[in-house]
Amino acid sequence: MANSTKTNAVRLLEKAKISFDTVPYEVDENDLAATHVASQLGEDIAQVFKTLVLHGDKTGFFVCVIPGDKEVDLKKAAKVAGAKKAEMLPMKELLPTTGYIRGGCSPIGMKKPFPTFFDETALDFDVIYVSAGMRGLQIKINPRDLINFVKASTADLTKDNLQQ
């Protein structure tokens, strides 16, 4: 690996012998949006996924990984997680709950394994990008390899275009 930054997510993938690349990008503290990351990478925003942590009323915490330009549909997310209602984890709880900060939250290697769901569009691509667990570094990986590794399932998780 060309770059010496070894995040927990990177170490876990290496240990599991899963093929991936790390891709650094320029961080803009004022713009942590996935759209900024995609433009830095020169990639289609539909392939750059963001990791969101939600809390279900019956289920506790769960993770949704969705395309960077989409919004999670809380009703759809709650349903796939087996909850009646779900809400986004408050930002101040992100680090203590996951071990990750905003803009650097990876679906790999959180403090505890949470039920994880990828938007079904991830399977449309040969590779997708997710955070490597820190701002400024993305993991480029086959979505099926990643989904299997984090024991995730796929579902329709985003608001329909009409709702955005």
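Residues numbered from 1 in each chain as written. Predicted model: local features only at pLDDT ≥ 70, side-chain atom pairs only at ≥ 80, totals over all residues. Heavy atoms only, no water.

Caption draft 1: View of the pattern of salt bridges. A full pass over the atoms with the stated rule returns five salt bridges. Glu 71 serves as the salt-bridge partner of Lys 159, at 3.3 Å between the closest nitrogen and oxygen. Taken together, the residues span a long stretch of sequence, with Lys 159 in the segment after strand 8 (153-155) and Glu 71 in the loop between strand 3 (60-67) and helix 3 (74-81) at a distance of 88 residues. Taking the shortest distance from any N to any O, the salt bridge between Asp 156 and Lys 76 comes out at 3.0 Å. (Salt bridge = Lys/Arg side-chain N within 4 Å of Asp/Glu carboxyl O. Helix = DSSP H or I, 4+ residues; strand = E, 2+ residues; numbered from the N terminus.)

Caption draft 2: Main features of the nonpolar core. Counting residues in each nonpolar core, the largest one holds 29 residues, and the members touching the most others are Phe 118, Ile 128, Ile 139, Ile 141 and Leu 146. Listing elements by their share of this core, those giving two or more residues are helix 1 (8-15), strand 2 (49-56), strand 3, strand 6 (128-134), strand 7 (137-141) and helix 5 (143-149). Among all residues touching Leu 146, those that are not within four sequence positions of it are Ile 108, Phe 118, Ile 128, Val 130 and Ile 141. Ranked by size, the runner-up nonpolar core spans 14 residues in total, among them Leu 52, Leu 54, Phe 62 and Ala 77. (Core = buried A, V, L, I, M, F, W, Y, C linked by side-chain atoms within 4.5 Å. Buried < 20%, exposed > 50% of the residue type's maximum accessible area, 1.4 Å probe, protein only. Contact = heavy atoms within 4.5 Å.)

Caption draft 3: Seen up close, the packing of aromatic side chains. This model, assessed by the stated rule, comprises two aromatic pairs. With centroids separated by 5.7 Å and ring planes inclined at 70 degrees, the aromatic side chains of Phe 61 and Phe 114 adopt a geometry described as edge-to-face. Separated by 53 residues along the polypeptide, Phe 61 in strand 3 and Phe 114 in the loop between helix 4 (91-98) and strand 5 (116-119) bring together distant segments of the chain. With 6.1 Å between their ring centres and 80 degrees between their planes, Phe 62 and Phe 117 make a pair best called edge-to-face. Note that Phe 62 is positioned in strand 3 and Phe 117 in strand 5, a separation of 55 residues in sequence. (Phe/Tyr/Trp six-rings, centres within 6.5 Å; stacked < 30°, edge-to-face > 60°.)

Caption draft 4: Main features of helix 2 (residues 34-41). For helix 2, the complete set of buried residues consists of Ala 34, His 36, Val 37, Ala 38 and Leu 41. Buried positions along helix 2 lie against strand 1 (20-24), strand 6 and strand 7.

Caption draft 5: Structural detail: unusual backbone geometry. Residues other than glycine seldom take positive phi values, yet Lys 17 does so here, at roughly 55 degrees. Summarising the element assignment, Lys 17 is placed in the loop between helix 1 and strand 1.

Caption draft 6: Geometry of helix 3. Among the residues of helix 3, those classed as buried are Ala 77, Ala 78 and Ala 81. Around the axis of helix 3, the buried residues are gathered within 100 degrees of arc, so they sit on the same side. Looking at helix 3, the residues exposed on the side facing more than 90 degrees away from the buried face are Lys 75 and Lys 79. Turning to helix 3, the residues buried within the fold contact strand 2, strand 3, strand 4 (86-88) and strand 5. Put simply, Asp 73 is the residue that caps the front of helix 3, since its side-chain oxygen is 3.0 Å from the backbone nitrogen of Lys 75. Of the residues flanking the end of helix 3, it is Gly 82, one or two places downstream, whose phi is positive at about 85 degrees. (Arc of directions from axis to C-beta. Polar contact = N/O pair within 3.5 Å; in protein donor to acceptor, adjacent residues only side chain to side chain.)

Caption draft 7: Quick peek at the pairing of strand 6. Burial runs high along strand 6: six of the seven residues are buried. Bridging between strand 6 and strand 7 involves five bridges; their strand directions are antiparallel. Bridge pairing in strand 7 places Val 130 opposite Ile 139. (Pairing = 2+ DSSP bridges.)

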